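Each chain, letter by letter, is given below.
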Amino acid sequence: MSRLVVVSNRVADPRKGAAGGLAVALGDSLAATGGMWFGWSGTVVPGGATGEGEVHVHQAAGVKLVTVDLSEDDHAGYYLGYSNGVLWPVFHYRLDLARFDAGHIHTYRRVNQLFARKLLPHIKSDDTIWVHDYHLIPLAAELRAMGCKNRIGFFLHIPLPPRQVLAAIPQHEWLMRALFAYDLIGFQADADLENFSRYVQAEASAEALGGQRFRAFGRSVEAGAFPIGIDVDEFAALTHAKDADDMYERIKTEYSRRKLLLGVERLDYSKGLPQRLRAFKALLKKYPENLNSTVLIQIASPSREDMGTYNDLKQELESLCGAINGDFGELDWMPVRYIHRNVSRKRLPGLYRVARVALVTPLRDGMNLVAKEFIAAQDPADPGVLVLSRFAGAAERLKDALLVNPYDTDGTADTIQQALQMPLAERQMRHQRLLAQIRLQDVHWWRRSFLQALADAPVNA
Ligand code: GDG
């Protein structure tokens, strides 16, 4: 078996328990092949302009962790400027939030070159390289330019937008051309794969070779949809461990007279938080039986706080929550509990389990793992209901959730009401099917099927 080399912006130390699903899934494969994980160390060297970046090498549980520091300017242009200021908003269809500052693309490219330079000396000729996410789209092209002939796969964790949206990025052709340096490109959903196929045929005159293989720019590449999942058993075990159990008991007692609605995400504009709060407000207005009898707990963990758009969103949410509580609250009932903090991963499943309804209503999402974690944490005898945005990648497969259009405030309110009123037998039946689905395509299936497709992909001469 060839050694696996994973490359991603951040590297998770498999020794740290809080690492979460992806780190666990990749950690298994990395350990089994004596593999290596390469990425940014998380350290920004103050004052530096364009740095060479110090490299750190650690050995952790049979895995070699290699990380590189970034200078302040490199971090500003590559991470904040281009990755999160251009690619994240555009790939989530938010052209209005993109900042196409001409300098950032150069820094983005330079950091990808830096990564390639620092990575290459650690690569053996038969290693399989797996690159993750939008921060590193040009990495394979840079590696190839330095003579790397290894099999290289790429997985995009976020959506790929339609051609006309993508084309708003001034350097879209360069970015998409860079993808052809890979041997396999993995997307989350069929919709992303379709967007890729349309883009490359219309904009790059790619030839469709059949079976999701495309030829353009003198190379051919295989593409596919590999919906990411969670480790269902690991999550179920977390749910029944002490921390989650304590959380469950505490919240159940605290809210014993009320039905709980729950939202959990990073505070991000792709997650549809203001729209969700407006739908909750509409629910209270339209279905007054919910006054005093439902509570929405919204966890919005801090994310990318050094970016202005995220601060605007934080203020909007605080004001919306304040208005709902002010307009509808009673001395002994606050409709919204808004928490702008991180909840520990060990306690989170207890919160999922106590919720009657989960609101997972992003405006756009590559997959959305919260939806799957919620399903895994439910008691099959008395499960909660998943209200899921049709615009999350997860909606392609989780057809037994109640699907909503998060832009439709009244429609979402009606569906939340349906979820709150759903009879036990229907909740059980839907949960049973959803659980079977997340087991079928769990994180181990995702990893295996991607790596198998990469191993099978014909290599370019
Ligand atoms: C990207 C794509 C794709 C959230 N709040 C807390 C917390 N979380 C954990 C959840 C879950 C993870 O963070 C979030 O994963 P998502 O998939 O929902 O969303 P993104 O972070 O945007 O991830 C997404 C994913 O990559 C994987 O490919 O599904 O579409 O956008 O695991 O539980 N964890 C803790 N405290 C919190 O407050 N401990």
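Structure shown above.
This structure is a prediction, so every number in the text was calculated from the model and none was measured. Positions within a chain are numbered from 1, following the residues in the order the chain's sequence is written. Under the rules for a predicted model, residues below a pLDDT of 70 receive no local features and side-chain atom pairs below 80 are neither given nor counted, while totals for whole chains, interfaces and linings still include all residues. Where side-chain values are given, they derive from all heavy atoms of the structure, hydrogens and water being excluded.

**Student:** Talk me through the overall build of the protein; I want residue IDs and the actual numbers.
**Tutor:** In this text, helices come from DSSP runs of H or I with a minimum length of four residues, and strands from runs of E with a minimum of two, each type numbered from the N-terminal end. Tallying secondary structure elements over the protein gives 16 helices and 16 strands in all. Here the C-alpha radius of gyration of the protein, 23 Å, is about what a compact globule of 461 residues would show, namely 23 Å. Viewed in the frame of its principal axes, the protein has a C-alpha envelope of about 65 × 45 × 45 Å. Relative accessibility under 20% of the residue-type maximum defines a buried residue, over 50% an exposed one, and the middle range a partly exposed one, all with a 1.4 Å probe and only protein chains included. Within the span of the protein, comprising 461 residues, buried residues form 57% of the whole. Residues count as neighbours in contact if any of their non-hydrogen atoms are within 4.5 Å of one another. Across the protein, contacts joining residues at least 24 apart in sequence account for 79% of those joining residues at least 6 apart. Computed with the Shrake-Rupley method and a 1.4 Å probe, the accessible areas treat only the protein chains shown as cover for residues. For the protein, the exposed surface amounts to about 18500 Å²; the carbon and sulfur share of it is 49%. As a reference, a globule follows 2.2 Å times the number of residues to the power 0.38, and the radius of gyration itself is taken over C-alpha atoms.

**Student:** Hey, could you go over the sheet that holds strand β12 (residues 294-301) for me, with residue numbers and the actual values?
**Tutor:** Strand pairing is assigned whenever DSSP detects at least two bridges linking the two strands. Taken together, the 6 strands give an open sheet; going across it, the order is β13-β12-β11-β14-β15-β16, and neighbouring strands pair in parallel fashion. Here the strands that pair on one side only, and so sit at the sheet edges, are β13 (336-339) and β16 (402-404). In this sheet, neighbouring strand axes are inclined to one another by 20 degrees on average, regardless of whether the strands run parallel or antiparallel. Direction of pairing for strand β15 (residues 385-389) relative to β16: parallel, over a ladder of 3 bridges. Its bridge partner lying in β16, L388 is registered against L403. Inter-axis angles, ranging from 0 to 180 degrees, are taken between N-to-C directions of lines fitted to C-alpha atoms, where helices are fitted over the stretch in contact.

**Student:** Describe the sheet that holds strand β10 (residues 219-225), listing the residues and the values that go with them.
**Tutor:** Pairing within the open sheet is mixed, and its 10 strands lie in the order β3-β4-β2-β1-β5-β6-β7-β10-β9-β8. Single-partner strands in this sheet number two, and they are β3 (55-60) and β8 (207-210). When the angles between neighbouring strand axes are averaged without regard to direction, this sheet yields 25 degrees. Two elements, strand β1 (residues 4-10) and strand β2 (residues 36-45), share 4 bridges in a ladder whose sense is parallel. Note that in β2 the partner of R10 across the bridge is W40. The strands touched by helix α3 (residues 102-119) within the sheet are β1, β2, β3 and β4 (63-71), with β4 carrying the most contacts at an inclination of about 145 degrees.

**Student:** An account of helix α15 (residues 424-440) is needed here, citing residue identities and associated values.
**Tutor:** Taking 1.5 Å of rise per residue, 17 residues should cover 24 Å, and α15 covers 24 Å from first to last C-alpha, within 8% of that figure. For α15, the set of buried residues is R427, R430, H431, L434, Q437 and I438. One side of α15 carries all its buried residues, which in axial view fall inside an arc of 125 degrees. Across from the buried face of α15, at angles greater than 90 degrees, the exposed residues are A425, Q432 and L440. Take the number of residues in a helix, subtract one, and multiply by 1.5 Å to get its expected span. Comment: arc refers to directions from the helix axis out to C-beta atoms.

**Student:** Can you break down the packing of aromatic side chains residue by residue, with the values?
**Tutor:** Side-chain rings of Phe, Tyr and Trp, where Trp is taken by its six-membered ring, are said to pair if the distance between their centres is within 6.5 Å; with planes under 30 degrees apart they count as stacked, over 60 as edge-to-face, and otherwise as tilted. In the structure shown here, the tally under the stated rule is 21 aromatic pairs. Summarising the aromatic geometry, the rings of Y78 and Y108 are spaced 6.3 Å apart at their centres and angled 20 degrees between planes, so their arrangement reads as stacked. In this pair, Y78 sits in helix α2 (residues 72-91) while Y108 sits in helix α3, placing the two residues 30 residues apart along the sequence. The class of Y108 is buried, set by a relative accessible area of 0%. Here Y82 and Y108 contribute two aromatic rings whose centre-to-centre distance is 4.7 Å and whose plane-to-plane angle is 45 degrees, an arrangement assigned as tilted. Taken together, the positions of Y82 in helix α2 and Y108 in helix α3 put the pair 26 residues apart, joining distant regions of the chain. Through a chain of ring-to-ring contacts, the aromatic side chains of F38, Y78, Y82, Y108, F115 and W174 assemble into a single cluster. Only lysine NZ and arginine CZ atoms are considered, and such an atom sits over a ring when it is within 6 Å of the ring centre and within 35 degrees of the ring normal. Above the ring of Y248, the side-chain terminus of R353 is found at 3.8 Å from the ring centroid.

**Student:** Please provide a residue-by-residue account of the pairing of β1, values included.
**Tutor:** Burial of β1 is extensive: 6 of the 7 residues sit out of reach of the surface. Of the pairings in the sheet, the one linking β1 to strand β5 (residues 128-132) comprises 4 bridges and is parallel in character. Paired with V7 across the two strands is V131, which belongs to β5.

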